[in-house]
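Remarks on the overall topology
Listed below are the residues making up each chain.
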Amino acid sequence: MTAGARNSERRVIARHAGTVLVGQLAVMAFGVCDTIVAGRYAEGALAALAVGSAIFISVYVSLMGVLQALLPVWAELHGGQRTAEVGRSVRQSLYLCGLAMVLGMAIMLNPDALMRWTGVPDAMQHEVGRYLFVLAFGLPPALLFRLFGTLNQSLGKPQLVTWLQAASLALKVPLSVWLCFGGAGMPALGLVGCGWATLIVNWSMLLCAMWLLRNASFYRRYNFWQRLETPDWQQLGQFLRLGGPAGLAVLVEITSYTLMALFIARLGTAAAAAHQIASNLVGVAYMVPMSLSIATSARVSFWLGAGEPLLARRACRKGFELMIGMALALGALMVLLRGWLAGVYSGDTRVAALAAVLLCAASAYHMADAVQTMCVYVLRCYRVTVAPLVIYCALLWGVGLGGSYLLAYRGLGPWEAMQSPLAYWLMSAAALWLTALLFAALLWRTIKPRRRAQPAPA
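Okay, so let's go over this structure. (Residues numbered from 1 in each chain as written. Predicted model: local features only at pLDDT ≥ 70, side-chain atom pairs only at ≥ 80, totals over all residues. Heavy atoms only, no water.)

In this section: a nonpolar patch on the surface. Nonpolar side chains collect at one region of the surface, where Leu333, Leu336, Leu337, Trp340 and Val344 lie side by side and expose about 520 Å² of accessible area between them. Going through the elements one at a time, helix H12 (309–336) and helix H13 (338–345) are the ones with two or more residues in the nonpolar patch. Counting through the fold element by element, Leu336 comes out in helix H12. Judged by relative accessible area, Leu336 falls into the exposed class, the value being 67%. (Patch = residues over 30% accessible without salt bridge, like charges linked within 9 Å, V, L, I, M, F, W, Y side chains within 5 Å. Areas by Shrake-Rupley, 256 points an atom, 1.4 Å probe, with all protein chains shown as cover. Salt bridge = Lys/Arg side-chain N within 4 Å of Asp/Glu carboxyl O. Helix = DSSP H or I, 4+ residues; strand = E, 2+ residues; numbered from the N terminus. Buried < 20%, exposed > 50% of the residue type's maximum accessible area, 1.4 Å probe, protein only.)

Attention now moves to the environment of Trp211. Inspection of the secondary structure assignment puts Trp211 in helix H9 (residues 191–215). With 65 residues separating them in the primary sequence, Trp211 and Arg146 have C-alpha atoms 15 Å apart.

With that settled, consider empty space enclosed by the protein. Scanning all chains against the criterion turns up 5 cavities of 30 Å³ or more. Quantified by volume, the second largest cavity comes out at close to 50 Å³. Of all the secondary-structure elements, those providing two or more residues to the lining of the second largest cavity are helix H10 (233–264), helix H15 (386–410) and helix H16 (422–447). Residue classes in the lining of the second largest cavity are distributed as 5 nonpolar, 3 polar and 1 charged. (1 Å grid on protein atoms, 1.4 Å probe; cavity = no way out; pocket = protein on both sides within 12 Å on 5 of 7 lines; lining within 4 Å. Points joined across faces, edges and corners; volume = space filled by probe spheres on them. Nonpolar A, V, L, I, M, F, W, Y, C, P; charged D, E, K, R; others polar.)

With the rule as written, the count across this model stands at 10 salt bridges. Where Arg383 meets Glu76, a salt bridge forms, and the shortest distance between an N and an O atom there is 3.3 Å. Taken together, the residues Arg383 in the loop between helix H14 (349–381) and H15 and Glu76 in helix H3 (residues 71–79) connect sequence positions 307 residues apart. Classification of Glu76 by relative accessible area gives partly exposed; the value is 22%. Two residues, Lys318 and Glu321, come together in a salt bridge whose shortest N-O distance is 3.7 Å. Here Glu321 and Lys318 lie together in helix H12, a separation of 3 residues that amounts to about one turn.

The subject of this paragraph is unusual backbone geometry. Look at Gln81: it is not a glycine, yet its phi comes out positive at around 60°. Judged by relative accessible area, Gln81 falls into the exposed class, the value being 62%. Here Asn223, not a glycine, exhibits a phi torsion of approximately 50°, which is positive. Within the secondary structure, Asn223 sits in the loop between H9 and H10.

Quick look at the environment of Val284 now. Here Val284 is to be found in helix H11 (residues 269–305). Taking the relative accessible area as the measure of exposure, Val284 reaches 23% and is therefore partly exposed. Placed 258 residues apart in sequence, Val284 and Ala26 show a C-alpha to C-alpha distance of 9.7 Å. Leave out the neighbours within four places in its chain, and Val284 touches Leu25, Met28 and Val32. (Contact = heavy atoms within 4.5 Å.)

Applying the stated rule across the entire model yields 15 aromatic pairs. A centroid spacing of 5.4 Å and a plane angle of 65° characterise the contact between Phe133 and Phe137, whose relative ring orientation is edge-to-face. Looking at Phe137, the relative accessible area reads 37%, which means it is partly exposed. Following the ring pairs from residue to residue traces out a cluster consisting of Phe145, Phe148, Phe218, Tyr219, Tyr222 and Phe224. Residue placement shows Arg380 over the ring face of Tyr377; its charged tip is 4.9 Å from the ring centre. (Phe/Tyr/Trp six-rings, centres within 6.5 Å; stacked < 30°, edge-to-face > 60°. Lys NZ or Arg CZ within 6 Å of the ring centre and 35° of its normal.)

Let us look at the nonpolar core. Val51, Leu139, Leu143 and Trp425 are the most contacted members of the largest nonpolar core, which totals 161 residues. Once residues within four sequence positions are removed from consideration, Val51 is found in contact with Met115, Val120, Met124, Val128, Ala261, Leu262 and Ala265. (Core = buried A, V, L, I, M, F, W, Y, C linked by side-chain atoms within 4.5 Å.)

So, on to the side chain of Ser297. If you trace the backbone, Ser297 turns up in helix H11. Of the residues examined, Ser297 reaches a relative accessible area of 2% and is grouped as buried. From its side chain, Ser297 meets the backbone oxygen of Ile294 in a polar contact 3.0 Å long. If we ignore the near neighbours within four places in the chain, the residues touching Ser297 are Leu71, Tyr377 and Cys381. (Polar contact = N/O pair within 3.5 Å; in protein donor to acceptor, adjacent residues only side chain to side chain.)

Here the focus is the state of the cysteines. Applying the stated criterion across every chain, the model contains 0 disulfides. Free cysteine Cys97: the closest other cysteine sulfur is in Cys208, separated by 18 Å. Considering cysteine sulfurs only, Cys316 is the nearest to Cys375, which forms no disulfide, with 7.8 Å between them. Residue classification places Cys375 among the buried positions, given a relative accessible area of 0%. (Disulfide = S-S within 2.5 Å.)

So, in structure tokens, the structure goes:
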């Protein structure tokens, strides 16, 4: 294999990932914008945002994981030049998306039991409930747009999605500021104003995506706009076998991360606000390995669909090389710039000082997160979904979340209770590193070339 061919694969992945990253950073900027706006509005609003966004992200990202898991299906059809089947498969996915919408809205409209179970203070629950009520009606367009994004990523054409996501940021920022602080005849809505801004932007993005899907010449060959067929239970079963474990794995992964905010809330508004800052920055950094993982898995599935397993393994290797370099760079920046980054988010010296400490542990968390993310995306290309789910449950919930709770409130082994959000970041980082190592071993076992049996000597 020539050096030019190897570099070509790296360039394809980097270009695809870079395009996805721009769009994902624009979406993540929604959260950054809301965090800064809420932090400047009131410390209580920032603490309520930490809890509300934790619940919303748990629901949205888990359901998004089910839909994102369809990427290998469509990428393989694309690699195999089975154009007509792509359109029919996308239409069938609407049934799965509809089920996800109903489930997600039901959870977000009834968050009281979850907040009571995790010990969210009563004074915070009302504001969080109002915020989630608004976001519940922004969930359907968000999931449909994710389906549109997954389709484009599987076809190797993420540009349109990125343009829409970047343009939406220009609408989101002024809307959040205006609706939160009020002005021009609009009363100050506080945190709920940020929710309304997100709802408006989500519906705007979906309408633009539908218009493009209907009118852009690139999509015509797939015949998406045909009459919706009755449910194909065989294909829906395939979707669920792939998306079900993937979605549950994402649920375990994201709840091990977002439930930290709910448990930390009992430590007070300063702790919750500092955690929100660290969480937000880790979320932004995560977009880099996620974008590289999406691009890499699209290429791996494309080559598998084309019947080229050696080229699929090469794409996997090139994706890993890019991911490791970026993870090390971002982890170092979190540590070196921790004081400045914390000060950007909050003018409260207590909050900023605690957030700066958390960012040291968050750096280790991010590097492990990058490795396990790439592994799990590529494993889905090979239809390996159940084993990652089992590992997630044992390590992220058991060691990470369970160990964090003990270390924070009751003590763990020789360590006394820390009564600090740092306990959650330390234990979660340790659990994630164990997860990353196990996933790497599983991926190596899955993709390594199988030796052919040697014929017996005559």
